[in-house]
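Structural overview
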Amino acid sequence: MTTRILPAVGDPDAARSIGSLLGRLPDAEPLAAVGDSTSLVDTLAGLAADSLDELPEVVLVHERIGPLPALELIRDVALRFPAVGVVLVTADTGPGLYSAAMDSGARGLVALPLTYEELAQRVQAAAGWAAGVRRHLGHGPEAGFGGPGGTVVTVSGAKGGVGTTVTAIQLALASAASGRSVALVDLDLQGGDVASYLDVQFRRSIVDLAAIQDIGARVLADAVFNHETGVALLLAPAEGERAEDVGDRLVRQTLAALRQRYETVVVDCGTHLDTANAAAIETADTTLLLTTPDVVTVRATKRMVRLWDRLQIRKAEETVTVVNRHTRAGEIQPALVSKITATRVARSAIPANFRELQGAVDAGRMQDLEAKSSVKQAMWALAGELGLVKDAASAARPDARHSGLFGGGRRHGRAK
């Protein structure tokens, strides 16, 4: 999601410095700076008159703004435009000013001279707060897209190490990049790594929803983490033993709520079958099963498919197998995998090129994987094949066809 940022800076040199840093922030849209308090209030009032959605998510107020003093201006903006997060830019970050700024309605302080890291952190926090307010007011992309219900896609692994989490993340990123509202759920409850791969530290998880009978928009908003990429994350618990608190009822309720709020819901189910991810697989529109082209993993894929069928979770013909680490010279090709497992195999096989992934994996920032990566291009082409993107231009590979051939799965599961 793009964060619109309006700087209110009277000093031209400071305005240029702030504008330069804002231009480097990911998914930021810096607006033209206003030079005084009157212009800021008039600008916000004009935007609000059109629609609440036209307001910037973040306003930066420089300490030397005038004619109205900075703290009075912040108080005025916070009262008149509560869906805007205000950040004070100041050389004084002592506890006295910090307390006064918070009392005035600021969502944070950023110190002068500016640093990229601190500015990014404060802007992201203020934008997240603004998004939360707009959700509660029934505005913004997270308020729901007004459709009949989003698409739920589960991603499971035939065995450990086949690339389940990386694939789930890239599918979510591809869908978000095309302009869809996207949620990514980590249902690998005992060993989920979505947070680690996306450089996230967040205390809430799906377990926090366990004691709640009615999972509404406000409850859901408190549980998800709005990532810098625009993807909303519902994470696995940090303590693996708490996985037993997540049952099939909670998963069904949560996915139903997410389906009403987001156009795409990607669920990382890991490699172990339990009641939680079984419920997700059963109710999903599309179920992916990741495998690699080797005898041991293909046998594991066949066992998993048969297990799902015996438990009446998902039939083989309703399962889409994705071949990861594919090589053209290998003896096991996608057509053979389809024949052995009796599943449909995605056209978009993912090439064997871990070297492309290693930097992003080691840094824990899969969102920084280069667009020219053949692995990323294949995964984003897979997103197009599954119908998870809005248009063909959104895929990393220009010739990717977004035909949605595998999007015809069940929306409400199978009666047992």
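Residues numbered from 1 in each chain as written. Predicted model: local features only at pLDDT ≥ 70, side-chain atom pairs only at ≥ 80, totals over all residues. Heavy atoms only, no water.

The name given to the protein in an unreviewed UniProt entry is AAA family ATPase, with the source organism recorded as Streptomyces xantholiticus.

Turning our eyes to something else, we now look at the pattern of salt bridges. Throughout the structure, instances matching the rule amount to eleven salt bridges. Here aspartate 285 ties to arginine 259 by a salt bridge, and the two come within 2.8 Å at their closest N and O atoms. Here aspartate 285 is found in the loop between helix H10 (275-283) and strand E11 (286-291), whereas its partner arginine 259 is found in helix H9 (residues 248-261), with 26 residues between them in sequence. Judged by relative accessible area, which is 3%, aspartate 285 ranks as buried. Using a relative accessible area of 9% as the deciding quantity, one classes arginine 259 as buried. Here lysine 372 makes a salt bridge to glutamate 370, at a shortest N to O gap of 3.7 Å. Judged by relative accessible area, lysine 372 falls into the exposed class, the value being 67%. (Salt bridge = Lys/Arg side-chain N within 4 Å of Asp/Glu carboxyl O. Helix = DSSP H or I, 4+ residues; strand = E, 2+ residues; numbered from the N terminus. Buried < 20%, exposed > 50% of the residue type's maximum accessible area, 1.4 Å probe, protein only.)

Right, let's talk about the packing of helix H6 (residues 164-177) against helix H14 (residues 374-385) for a bit. Direction vectors running N to C along H6 and H14 enclose 65 degrees, while the axes themselves pass 9 Å from each other. One finds that H6 runs roughly perpendicular with respect to H14. The two elements H6 and H14 meet at a crossing, and its hand is right-handed. Across from Val166, Thr167, Gln170, Leu171, Leu173, Ala174 and Ala177 in H6, the residues of H14 making contact are Lys376, Met379, Trp380, Leu382 and Ala383. (Axes fitted to C-alpha atoms, helices over the stretch in contact; angles between N-to-C directions. Parallel < 35°, antiparallel > 145°, perpendicular 65-115°, else oblique. Left-handed = near helix turned anticlockwise from the far one by under 90°. Contact = heavy atoms within 4.5 Å.)

Attention now moves to the UniProt feature "domain: Response regulatory" (unreviewed entry) in the protein. Per the UniProt entry, the sites bearing "domain: Response regulatory" (unreviewed entry) are residues 4-127 in this numbering. Counting secondary structure, residues 4-127 comes out at 47% helix and 19% strand; the distance between its end C-alpha atoms is 9 Å. (UniProt positions renumbered as here; feature names shortened; annotations may be inferred.)

It is worth spelling out the pairing of strand E1 (residues 3-8) at this point. Along any regular strand, the residues point their side chains to alternate faces of the sheet. Along E1, six of the six residues are buried, which leaves the element largely enclosed by surrounding structure. Relative to strand E2 (residues 28-30), E1 runs parallel, the two being bridged by three bridges. In the sheet register, arginine 4 faces E2, and the bridge partner there is glutamate 29. Relative to strand E3 (residues 58-62), E1 is paired through four bridges, and the arrangement is parallel. Paired with proline 7 across the two strands is leucine 60, which belongs to E3. (Pairing = 2+ DSSP bridges.)

Turning to the confidence of the model for the protein, a few remarks are in order. Note that predicted coordinates carrying low pLDDT should not be read in detail. A residue-level look at the protein finds 90% of positions with pLDDT of 70 or above and a mean pLDDT of 86. Segment residues 139-147: pLDDT under 50, and 24 contacts once partners within four positions in sequence are set aside and those in other chains are kept. Predicted confidence is poor over residues 394-416, with pLDDT under 50, and the contacts of this stretch with residues over four places away or in other chains come to 69 contacts. (pLDDT = per-residue confidence, 0-100.)

The next thing to look at is the packing of aromatic side chains. If you walk through the whole model with that rule in mind, you get one aromatic pair. For the pair phenylalanine 202 and phenylalanine 225, a centre-to-centre distance of 5.2 Å together with 55 degrees between the ring planes defines the contact as tilted. In this pair, phenylalanine 202 sits in the loop between helix H7 (194-197) and helix H8 (217-223) while phenylalanine 225 sits in strand E8 (residues 225-226), placing the two residues 23 residues apart along the sequence. With relative accessibility at 18%, the residue phenylalanine 225 sits in the buried group. (Phe/Tyr/Trp six-rings, centres within 6.5 Å; stacked < 30°, edge-to-face > 60°.)

Our next topic: the packing of H9 against H10. Where H9 meets H10, the closest approach of the two axes is 8 Å, and the angle between their N-to-C directions is 40 degrees. Taken as axis vectors, H9 and H10 run oblique relative to one another. For H9 against H10, the interelement crossing comes out right-handed. Contact residues: Asp248, Val251, Arg252, Leu255 and Arg259 in H9; Thr275, Ala276, Ala279, Ala280, Glu282 and Thr283 in H10. Of the residues belonging to the contact of H9 with H10, the class tally is five nonpolar, two polar and four charged. (Nonpolar A, V, L, I, M, F, W, Y, C, P; charged D, E, K, R; others polar.)

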